[in-house]
Amino acid sequence: MSELQGFILHAKTRPEKAEAFEAFFRAYVEPSRAEPGCIEYHMLRDKQDPTLFIFYEIWQSQAHLDVHSNLPHMKQFLDMRMEYLERDFDIRPIEMLSTSSASR
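The rules we used
Residues numbered from 1 in each chain as written. Predicted model: local features only at pLDDT ≥ 70, side-chain atom pairs only at ≥ 80, totals over all residues. Heavy atoms only, no water. Pairing = 2+ DSSP bridges. Helix = DSSP H or I, 4+ residues; strand = E, 2+ residues; numbered from the N terminus. Axes fitted to C-alpha atoms, helices over the stretch in contact; angles between N-to-C directions. Parallel < 35°, antiparallel > 145°, perpendicular 65-115°, else oblique. Left-handed = near helix turned anticlockwise from the far one by under 90°. Contact = heavy atoms within 4.5 Å. Nonpolar A, V, L, I, M, F, W, Y, C, P; charged D, E, K, R; others polar. Core = buried A, V, L, I, M, F, W, Y, C linked by side-chain atoms within 4.5 Å. Buried < 20%, exposed > 50% of the residue type's maximum accessible area, 1.4 Å probe, protein only. 1 Å grid on protein atoms, 1.4 Å probe; cavity = no way out; pocket = protein on both sides within 12 Å on 5 of 7 lines; lining within 4 Å. Points joined across faces, edges and corners; volume = space filled by probe spheres on them.

**Quick notes on the pairing of strand β1 (residues 5-12)**
Then, in step 1: Inspection of the sheet shows β1 paired to strand β3 (residues 52-59) by eight bridges, in the antiparallel sense. Paired with Phe7 across the two strands is Glu57, which belongs to β3.
Then, in step 2: Examined bridge by bridge, β1 and strand β4 (residues 90-94) share five bridges and lie antiparallel to one another. Each residue of the ladder has a partner; that of Leu9, found in β4, is Ile91.

Right under this line is the structure:
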């Protein structure tokens, strides 16, 4: 069995781009959740700092995450990210210590 791959990603947007970032990326949440190997996929927004978006993702394997990361819309987003961001992503690998609560 492959080891789960998870991370928390912080996306600090430029203040004038925060709403556009949310609108643009929100459209990818449900399709990402429907991808094979997706266990958890959440887009969050900090209440104290509305320019900070946090993504929480858990994938069944590195292979599943690689497929997701190489989809055309994800590659396009990576290429365009700095149009929205104040600084590049802060990505922190995580280990999932509890079982998923997602209902599938």
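Once you've had a look at it, read on.
**A short note on the packing of helix α1 (residues 18-26) against helix α4 (residues 72-80)**
Two measures define how a pair of helices packs: the angle their axes make with one another and the distance between the axes.
Then, in step 1: Relative to each other, α1 and α4 sit at 165°, their axes nearing to 12 Å. In terms of their interaxial angle, α1 and α4 are classed as roughly antiparallel. As for how α1 packs across α4, the hand of that crossing is left-handed. On the side of α1, the interface is formed by Phe21, Phe24 and Phe25, while α4 contributes Met74, Phe77 and Met80.
Then, in step 2: Classifying every residue of the contact of α1 with α4 gives six nonpolar, no polar and no charged.

**A few points about the nonpolar core**
Inside soluble globular proteins, nonpolar side chains tend to come together where they are buried.
Then, in step 1: Residues Ala11, Phe21, Phe25, Tyr41 and Phe55 are the most contacted members of the largest nonpolar core, which totals 19 residues.
Then, in step 2: Mapped onto this core, the elements with two or more residues apiece are β1, α1, β2 (38-45), β3 and α4.
Then, in step 3: Contact partners of Phe21, with chain neighbours within four places excluded, come to Ala11, Thr13, Met43, Phe53, Phe55, Phe77, Tyr84 and Leu85.

**Structural notes on the layout of surface pockets**
With a probe scaled to a water molecule rolled over the atoms, the places where space remains empty come into view.
Then, in step 1: Within this model, the largest pocket holds a volume of roughly 280 Å³.
Then, in step 2: Surrounding the largest pocket, 14 residues form its lining, Phe7, Leu9, Met74, Leu78 and Phe89 being those nearest its centre.
Then, in step 3: Within the lining of the largest pocket, the residues separate by chemical class into 11 nonpolar, two polar and one charged.

**Describing the sheet that holds β1**
Then, in step 1: Spatially, β2-β3-β1-β4 is the arrangement adopted by the four strands of the open sheet, whose pairing is antiparallel. Edge positions in the open sheet fall to β2 and β4, since each of these has one partner strand only. The sheet shows a mean angle of 15° between the axes of neighbouring strands, direction not considered.
Then, in step 2: Sheet contacts for α1: β1, β2 and β3; angle to β2, the most-contacted strand, approximately 160°.
Then, in step 3: Strands β1, β2 and β3 of the sheet are contacted by helix α3 (residues 62-69), whose axis makes an angle of about 135° with β3.

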